[in-house]
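A closer look at the structure
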Amino acid sequence: MRPDFASIPFQRSRTSSGIEPETSEKSLQYGAADMEAFEHLDYAAGIPPFLRGPYASMYTMRPWTIRQYAGFSTAEESNTFYKNALAAGQRGLSVAFDLPTHRGYDSDNAFVHGDVGQAGVAIDSVEDMRILFADIPLENMSVSMTMNGAVLPIMAFFIVAAEEFGVQPNQLSGTIQNDVLKEFMVRNTYIYPPAPSMRIAGDIIEWCAHKMPRFNPVSVSGYHMHEAGAPADLELAYTLANGLEYVRTGLDRGLEIDSFAPRLSFFFGIGMDHFTEIAKLRAARLLWARLIQPFAPRNPRSMALRMHCQTSGYSLTAQDPHNNVARTTLEALSAVCGQTQSLHTNALDEALALPSTHAARVARNTQLILREESRLTRAIDPWGGSYLVEHLTHTLMHQAWKHIQEIESMGGMTKAIATGFPKMRIEEAAAAKQAHIDRGDEIIVGVNAFQSGANTEIPLLRVDNAEVLANQSRRLEELKKSRDMTKVRASLENLHAAASQKNLNLLDAAVEAARDRATLGEISSALETVFGRYTAHNETVTGIYSAVMETDQATDRARFLADQFADRSGRRPRILVAKLGLDGHDRGARAIATAFADLGFDVDVGPLFQSPEEVARQAIENDVHITGISSLAGAHRTLVPEFMKILEQHHRSDIEVVVGGIIPAEDYPLLHQSGVREIFGPGTVIAEAAITILHRLLDDHAPKS
């Protein structure tokens with residue numbers, strides 16, 4: 001069923017003037033007369049279209065759930081962290097997995113050695129999942145798991161571990177993200193191509209509808225679009241368009257809309273534009289009700305959008321990191337005023353490393369203070385009726401609706417993603433935002449204005465990658481010695497056969513493989529032999545950065561130096577922008593590639609998920625002058641020195657290497673000792689980084705006297 005969106009009117013309780021929303025918010029002045037144009041003002045909480053909240057009483061009866069996203073190192077350490085957090089007032093668990101787990105690799109796979117345990121907890125088998133949730137009452141605890149690529153083995157491990165603890169699937173509550181569509185747009189922790197990935201998502205929706213009725217089978221995520229640079233209207237539209245695809249997937253399985261729609265949930269990022277973020281959450285609920293209404297649900301809850309929110313990681317700064325407490329507090333306040341159902345607050349040190357115990361406590365207590373001391377829970381939709389917030393709600397509703405219609409005209413989000421269109425729109429917005437920050441149009445305290453100059457030292461969490469890798473490898477070795485390989489082979493063959501037949505549910509087969517102690521890597525490989533492994537195409541936008549920076553002095557200087565280098569060397573400066581290992585967050589790398597192309601560089605962009613050997617080979621074959629490595633997930637301590645050694649072995653130490661991203665200052669000496677020439681941390685102005693690099697290149701290519 002594909003409704004004609006242009007023909008579905010917004011329901012209204014008063015006559016609407018039909019006026020188009022403002023496109024500029026530079027000088028907002030609104031009064032009571034302007035409100036007559038808005039069609040949504042009389043909607044209440046708890047009844048369709050749920051503008052003011054999905055529940056009639058909202059926080060007055062039950063506050064939002066404090067659900068801190070956490071996971072690092074080993075299952076043992078994460079389990080200890082979870083139990084301490086629950087004792088300190090947290091009400092639900094949210095699991096962060098490491099990158100090898102996301103991408104379907106066991107920890108002992110040589111390709112992933114630098115990423116094991118770095119950005120989340122390593123889970124290779126049911127045994128790890130049992131340790132992760134040991135002594136935690138899963139029958140009484142809501143568990144959220146951020147997993148998309150390797151969602152089948154992770155769900156299977158969770159189900160089997162719970163059964164072995166005496167908890168049946170129908171007793172489990174929580175959420176699996178299972179939103180693979182956005183992975184092809186922004187986050188990139190996919191494994192299989194879009195079509196089989198959507199089959200997996202559908203199998204999980206179907207399985208949960210029949211066997212796990214208290215569990216949310218999809219959390220449609222706008223957060224990662226937000227972090228990748230999508231403005232509020234794009235985040236809102238593309239998130240809801242993705243949600244619509246999952247609804248159609250469930251209906252295509254023969255499910256009734258009311259059997260699964262009430263268990264769909266959503267996940268939004270919350271940034272620093274306080275009133276826009278509040279309006280975004282309000283508009284999301286209304287638009288989702290409009291999108292579900294044509295499917296004729298009998299249960300009103302099918303139209304209710306329930307959400308989790310997380311404060312922005314992108315807004316955090318490495319400079320003056322204690323300022324991040326204020327940023328996170330303001331963003332948390334936006335989420336609460338927008339009536340979120342659960343919330344994660346980021347820690348002050350996350351622009352530098354994984355959150356320390358102290359920083360995590362401050363982040364959690366931020367929510368406790370809002371909940372217990374502010375009296376915010378006494379009001380339902382406290383900004384409802386504000387001229388500004390109602391204007392922004394109206395504007396975002398209409399802007400997002402236009403974007404949704406644009407995606408629908410392409411045949412829906414799955415087909416739109418295949419064209420690369422949504423990803424391009426987000427990257428254009430990210431490039432423009434970065435340019436505005438670099439030019440100083442957008443003030444970031446302590447970064448491009450009001451700099452203190454002080455070097456604030458804060459203790460950081462350090463994960464010993466070598467220790468985690470050794471621990472996981474040892475556990476895998478013990479598992480493989482103790483299991484019945486005849487059963488393992490049979491269950492993996494059954495999974496392979498199920499993948500080849502569209503009428504069989506893959507989660508059923510994955511659960512059996514998990515019971516037999518097949519590993520995450522083995523389950524993923526059995527599927528990969530049928531589905532293949534997806535490789536993204538690298539295309540960069542151009543002209544966006546330079547259009548904003550047209551009159552900027554640093555930009556002019558960088559272009560002049562690039563031209564000077566071209567005159568001196570006979571070709572333009574050439575840079576390879578690369579990611580090492582399994583880190584798929586590429587906003588920074590894409591911004592650098594776009595801006596450097598506009599500044600006069602020839603730019604090569606390496607594929608994601610490359611080994612040091614592969615990046616070195618590309619750098620040498622393309623004869624680049626510089627390799628710029630973007631690191632966000634902690635693997636730079638292992639992978640960058642390996643890359644430098646490979647260049648040296650090939651006698652190409654003349655290739656300059658620079659590194660950027662989330663890199664603690666204490667790691668700088670290690671990287672410099674390995675041969676890295678420059679390190680650019682968060683907040684670096686791109687044009688100024690280009691000038692620094694060009695001066696080095698000009699010195700290296702200076703005429704011999």
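The notes below deal with the structure included here. Please read these numbers as outputs of a predicted model, since none were measured by experiment. (Residues numbered from 1 in each chain as written. Predicted model: local features only at pLDDT ≥ 70, side-chain atom pairs only at ≥ 80, totals over all residues. Heavy atoms only, no water.)

Some thoughts on the packing of aromatic side chains
The cut-off we apply is this: In this scheme Phe, Tyr and Trp rings, the latter by its six-membered ring, pair at centre separations within 6.5 Å, and the angle between planes marks the pair as stacked below 30 degrees, edge-to-face above 60, and tilted otherwise. Using a 1.4 Å probe on the protein chains alone, a residue whose accessible area is under 20% of its type maximum counts as buried, one over 50% counts as exposed, and one in between counts as partly exposed. For a ring to carry a charge above it, either NZ of a lysine or CZ of an arginine must fall within 6 Å of the ring centroid while also lying within 35 degrees of the normal to the ring plane.
Within the structure shown, the criterion is met by 14 aromatic pairs. Ring centres 5.3 Å apart and planes at 5 degrees place the aromatic pair Phe184 and Tyr190 in the stacked group. There is no split in this pair, since Phe184 and Tyr190 are both buried. Taken together, Phe184, Tyr190, Tyr534 and Phe609 form an aromatic cluster joined through their ring pairs. Just above the ring of Phe609 sits the side chain of Arg103; from NZ or CZ to the centre is 3.5 Å.

Quick word on the pairing of strand β14 (residues 656–661)
Quick note on the threshold: Comment: elements are numbered from the N terminus, with helices defined as DSSP H or I runs of at least four residues and strands as E runs of at least two. Paired strands are those between which DSSP finds at least two bridges. Crossovers are described as right-handed under a simple rule: with the strands pointing away from the observer, the path leading from the first strand over the helix to the second runs clockwise.
The element β14 is extensively covered by neighbouring structure, given that 6 of its 6 residues are classed as buried. What you see with β14 is no split at all: Glu656, Val658 and Gly660 on one side and Val657, Val659 and Gly661 on the other are buried throughout. Here strand β13 (residues 626–631) pairs with β14 via 6 bridges, running parallel. Its bridge partner being in β14, Ile626 is matched across the sheet by Glu656. In terms of handedness, the path from β13 via helix α23 (residues 636–649) over to β14 forms a crossover that is right-handed. Relative to strand β15 (residues 678–680), β14 is paired through 3 bridges, and the arrangement is parallel. Paired with Gly660 across the strands is Phe680, a residue of β15.

Topic: the sheet that holds strand β8 (residues 264–270)
Spatially, 5 strands are ordered β1-β10-β9-β8-β7 in an open sheet, and the strand pairing comes out parallel. If you trace the sheet from one side to the other, it starts and ends with β1 (65–66) and β7 (218–221), each paired once. Strand direction decides the pairing type here: β1 and strand β10 (residues 342–344), joined by 2 bridges, are parallel. Pairing of Ile66 across the sheet is with Leu343, part of β10.

A few points about the pattern of salt bridges
The following threshold applies: Every case where a carboxyl oxygen of Asp or Glu lies within 4 Å of a side-chain nitrogen of Lys or Arg is listed as a salt bridge.
The full count for this structure, using the stated rule, is 43 salt bridges. Residue Arg371 pairs with Glu372 through a salt bridge whose shortest N-O separation is 2.6 Å. For Arg371, a relative accessible area of 12% translates into the label buried. Between Glu512 and Arg515 there is a salt bridge, with the nearest N and O atoms lying 2.4 Å from each other.

Focus: helix α16 (residues 485–500)
Rules: For a helix, the expected span equals 1.5 Å multiplied by the residue count minus one. Each direction from the helix axis to a C-beta atom contributes to the arc, which is the arc of those directions. Residues count as neighbours in contact if any of their non-hydrogen atoms are within 4.5 Å of one another. We call two N or O atoms a polar contact when they sit within 3.5 Å, provided that within protein one can donate a hydrogen and the other can accept it, with sequence-adjacent residues counted only if both atoms are side-chain atoms.
Here α16 spans 23 Å end to end across 16 residues, near enough to the 22 Å set by a 1.5 Å rise per residue. For α16, the full list of buried residues reads Val488, Ser491, Leu492, Leu495, Ala498 and Ala499. Seen end-on, α16 carries its buried residues on one side only, within an arc spanning 115 degrees. The outward face of α16, more than 90 degrees from its buried face, is lined by the exposed residues Thr486 and Glu493. For α16, the elements touching its buried residues are α5 (194–211), α17 (506–515) and α18 (520–531). A side-chain oxygen of the first residue of α16 lies 3.0 Å from the backbone nitrogen of Thr486; this N-cap is Asp484.

Points about the nonpolar core
Note the threshold: What we call a nonpolar core is a set of buried Ala, Val, Leu, Ile, Met, Phe, Trp, Tyr and Cys residues that are connected through their side-chain atoms within 4.5 Å.
Counting residues in each nonpolar core, the largest one holds 90 residues, and the members touching the most others are Tyr238, Leu240, Tyr246 and Trp288. Sort the elements by how many residues they give to this core and helix α9 (residues 274–292) lands first, with 11 residues. Beyond its immediate stretch of four places on either side in the chain, Tyr246 contacts Asn178, Asp179, Val180, Leu181, Met198, Ala201, Ile205, Val218, Val220 and Phe260. Formed by 61 residues, the second largest nonpolar core is a distinct cluster that contains Phe97, Phe133, Leu152 and Met155.

Considering a nonpolar patch on the surface
As a reminder of what qualifies: Like-charged residues within 9 Å of one another, or nonpolar side chains (Val, Leu, Ile, Met, Phe, Trp, Tyr) within 5 Å, are grouped into patches, provided each residue has over 30% relative accessible area and no salt bridge. A 1.4 Å probe and the Shrake-Rupley method give the accessible areas. Residues count as covered only by the protein chains that appear here.
Where nonpolar side chains cluster on the molecular surface, the patch consists of Ile443, Val445 and Phe450 and spans about 330 Å² of accessible area. Along the chain, the position of Ile443 falls in the loop between α14 (421–439) and α15 (465–482).

Considerations on the environment of Gln171
With respect to the helices and strands, the residue Gln171 is situated in the loop between α4 (151–164) and β5 (173–176). Once the C-alpha coordinates of Gln171 and Phe215 are considered, the two residues, 44 residues apart in sequence, prove to be 8.7 Å apart. Dropping the residues within four chain positions of it, Gln171 is found in contact with Leu138, Glu139, Gly166 and Arg214. Separated by 2.8 Å, the side chain of Gln171 and the backbone nitrogen of Gln168 make a polar contact.

What to know about unusual backbone geometry
A cis amide bond links Pro48 with the next residue in sequence, Pro49, at an omega value of 5 degrees. Relative to the elements of secondary structure, Pro49 occurs in the segment before β1. One non-glycine residue, Asn188, adopts positive backbone phi at about 70 degrees. Within the secondary structure, Asn188 is located in the loop between β5 and α5.

Scope: geometric values only; no functional claims are made or implied.
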